[in-house]
Amino acid sequence: NITPTVDGCLIVGYLGTNTLQTNWTPGTGFTADSEQNTSTNADTLVESLVQGTAAAQDANATISASFDWSSIVAAFQPPQAGGAAAPQRSLLGVGQ
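All of these numbers come straight from a predicted model, not from anything done at the bench.

Chemist: It is not clear to me how the overall build of the protein should be interpreted in this structure. Could you clarify?
Modeler: Regarding its fold elements, the protein presents zero helices and six strands. Counting helices and strands in the order they occur from the N terminus, the protein gives β-β-β-β-β-β. Each of the 96 residues in the protein was classed as buried or not, and the buried ones make up 30%. With an accessible surface of roughly 5,600 Å², the protein has 50% of that area assigned to carbon and sulfur atoms.

Chemist: How should I be thinking about the side chain of Gln51 in this particular structure?
Modeler: Topologically, Gln51 is positioned in the loop between strand E4 (43-50) and strand E5 (61-62). Of the residues examined, Gln51 reaches a relative accessible area of 7% and is grouped as buried. Separated by 3.0 Å, the side chain of Gln51 and the backbone oxygen of Ala55 make a polar contact. Not counting chain neighbours up to four residues away, the residues in contact with Gln51 comprise Pro4, Asp7, Gly8, Cys9, Ile11, Ala56 and Gln57.

Chemist: Just checking my understanding: could you explain the environment of Ala59 for this structure?
Modeler: As for its position among the elements, Ala59 is in the loop between E4 and E5. A residue is classified by how much of its surface remains accessible, and Ala59, at 9% relative accessible area, is buried. Linking Ala59 and Gly13, residues 46 residues apart in sequence, is a C-alpha distance of 4.8 Å. With near-sequence residues (within four places) excluded, Ala59 lies in contact with Gly13, Leu15, Phe30, Glu47, Ser71, Ile72 and Val73.

Chemist: Looking at this structure, I do not really get the sheet that holds strand E1 (residues 10-17). What am I missing?
Modeler: Strand pairs in the sheet, formed through backbone hydrogen bonds, run parallel or antiparallel to each other. Reading across the sheet, the four strands line up as E3-E4-E1-E6 and stay open at both edges, with antiparallel pairing between neighbours. Only two strands of the sheet have a single partner each, and these edge strands are strand E3 (31-37) and strand E6 (69-76). Across this sheet, the average inter-strand angle for adjacent strands is 15 degrees, counted without regard to direction. In terms of strand pairing, E1 meets E4 through eight bridges, oriented antiparallel. Directly across from Val12, in E4, lies its bridge partner Ser48.

Chemist: I would appreciate a short explanation of the nonpolar core in the present structure.
Modeler: Cys9, Ile11, Leu15, Trp24, Phe30, Leu45, Leu49, Ala59 and Val73 form the largest nonpolar core, which has nine residues in total. Put simply, the parts of the chain that give this core at least two residues each are E1 and E4. Apart from the residues within four sequence positions on either side, Leu49 is in contact with Cys9, Leu10, Ile11, Thr28, Gly29, Phe30 and Gln57.

What counts as what
Residues numbered from 1 in each chain as written. Predicted model: local features only at pLDDT ≥ 70, side-chain atom pairs only at ≥ 80, totals over all residues. Heavy atoms only, no water. Helix = DSSP H or I, 4+ residues; strand = E, 2+ residues; numbered from the N terminus. Buried < 20%, exposed > 50% of the residue type's maximum accessible area, 1.4 Å probe, protein only. Areas by Shrake-Rupley, 256 points an atom, 1.4 Å probe, with all protein chains shown as cover. Polar contact = N/O pair within 3.5 Å; in protein donor to acceptor, adjacent residues only side chain to side chain. Contact = heavy atoms within 4.5 Å. Pairing = 2+ DSSP bridges. Axes fitted to C-alpha atoms, helices over the stretch in contact; angles between N-to-C directions. Core = buried A, V, L, I, M, F, W, Y, C linked by side-chain atoms within 4.5 Å.

Next up, the structure:
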């Protein structure tokens, strides 16, 4: 997991399995931005949320069966006072 130190961070999670999987459910508060089944027997999910209050966060999701899986999570801080607008998923090109 990751622990942002400021409020309003954009949290992005990437999850994958080594088996074709068609039923991802994003973790609590996350939005599914991209889900892809590939011809190489892999399946991935990109999910994101803008965190209101800084707290420990992990990338998680539910899949419909038991598979080997992996995940990674990243946090992007909002700009400081006087900077640009707060982060939005569209700034990273996800969810479009």
